[in-house]
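Chains, contacts and geometry: an overview
These are the residues of each chain, in order.
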Amino acid sequence: MRYAILSDIHSNLEALTSVLSKIDTLRVDEVISLGDIVGYNADPNECIEIIRKRGIRAIMGNHDSRAAGLEEPADFNPVAAEMVYWTRKQLTKENIEFLKGLPGKLAFEGRFLAFHGWMDSTDGYILSASDAAYNFSLMGTSTLAFFGHTHVRLAYLEKDGVIEADTASRLKIRKGLRYLVNPGAVGQPRDGDPRSSFLVYDDKKGEITFFRVGYDMERTREKIIGAGLPQTLAERLRLGM
Ligand code: ZN
């Protein structure tokens, strides 16, 4: 099987459309979303409807659960919280129900795990080797898991308790190692490269390939500004931060 794995779409319709057009050229069998379909940008319903229409298997993100009203954005920064309240007002009933029904994590046919932040917490960030060690400790016999939430493309490799971070654009899965892999963000990358990020995992070849694609960012920025949303959200797209 070939899986396209993406994360953190964050209501960025132009980015999602561009990523899916690229994915359509890559002969994948299934597309998986690691959470945060909504938040930060101006097209929440449109993005959810694409996910639903394509039957993309998706996981609950911390913004999804707040926008759906399952939690309050009490610990969010003011701009992120403002976008939660704005998104709630935009969402259709069906799309709220869809977000509410998303699972916290998924196991894919015994091949790999997928979750948003930490294995046991949608809000936890894997930002260091010790965060990775904690999540490896929760993986049981699984040797591969995909996560999102940090908006930074990165892989953690573990062998005999030693953890290394790997930033290569291609990763060969080797026996005896365990992997925690983040595809980066579709809708709001934060690694200084403003292009959307995602990956393809080919489980037969045992290979992960990362991709970056540009999109019509000016249109996304115009929608943010046109809706009277915080200007900083439009700015950070250009900076990739
Ligand atoms: Zn996010």
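So, here is what we can say about the structure in this document.

Cut-offs applied
Residues numbered from 1 in each chain as written. Predicted model: local features only at pLDDT ≥ 70, side-chain atom pairs only at ≥ 80, totals over all residues. Heavy atoms only, no water. Buried < 20%, exposed > 50% of the residue type's maximum accessible area, 1.4 Å probe, protein only. Helix = DSSP H or I, 4+ residues; strand = E, 2+ residues; numbered from the N terminus. Arc of directions from axis to C-beta. Contact = heavy atoms within 4.5 Å. Donors = N, O, S within 2.8 Å, 3.2 Å for Na, K, Ca; no water. Tetrahedral: all angles 85-135°; square planar, octahedral: opposite > 155°, others 65-115°. Pairing = 2+ DSSP bridges. Salt bridge = Lys/Arg side-chain N within 4 Å of Asp/Glu carboxyl O. Axes fitted to C-alpha atoms, helices over the stretch in contact; angles between N-to-C directions.

**Side note on helix α6 (residues 129–137)**
Those residues of α6 that sit buried are Asp-131, Ala-132, Asn-135 and Phe-136. Axial view of α6: buried residues confined to an arc of 140°, hence all on one face. Along α6, the residues that are exposed and aim more than 90 degrees away from the buried face are Ser-130 and Ser-137. In this structure, the buried side of α6 is in contact with β5 (112–115), β7 (154–159), β8 (162–166) and β10 (178–182).

**Some words on the coordination of the zinc ion**
Around the zinc ion, the protein contributes the donor atoms Asp-8 (OD), His-10 (NE2), Asp-36 (OD) and His-151 (NE2), which lie 2.0 to 2.5 Å from the metal centre. Here the zinc ion binds 4 donor atoms, and the angle range of 88 to 177° at the metal identifies the geometry as irregular.

**Considering the sheet that holds strand β1 (residues 2–6)**
Strand order in the open sheet formed by 6 strands is β3-β2-β1-β11-β12-β9, and the pairing between neighbours is mixed. The outermost strands of the open sheet, each flanked by one partner alone, are β3 (57–58) and β9 (170–172).

**Details of the pattern of salt bridges**
Overall, the coordinates contain 21 salt bridges when judged by the stated rule. Between Glu-207 and Lys-172 there is a salt bridge; the shortest N-O distance is 3.5 Å. Here Glu-207 is found in strand β12 (residues 207–213), whereas its partner Lys-172 is found in strand β9, with 35 residues between them in sequence. For Arg-212, the salt bridge identified is with Asp-193, shortest N-O distance 3.7 Å. With Arg-212 in strand β12 and Asp-193 in the loop between β10 and β11 (196–202), this residue pair connects regions lying 19 residues apart in the sequence. Taking relative accessible area as the criterion, Arg-212 reaches 17% and is therefore assigned buried.

**A look at the sheet that holds strand β4 (residues 105–108)**
Strand order across the open sheet formed by 6 strands is β4-β5-β6-β10-β7-β8, with mixed pairing between neighbours. Each edge of the open sheet is held by one strand with a lone partner, namely β4 and β8. The average angle at which neighbouring strand axes cross in this sheet is 20°, direction not considered. Strand direction decides the pairing type here: β7 and β10, joined by 5 bridges, are antiparallel. When the bridges of β10 are listed, Glu-158 appears paired with Arg-178.

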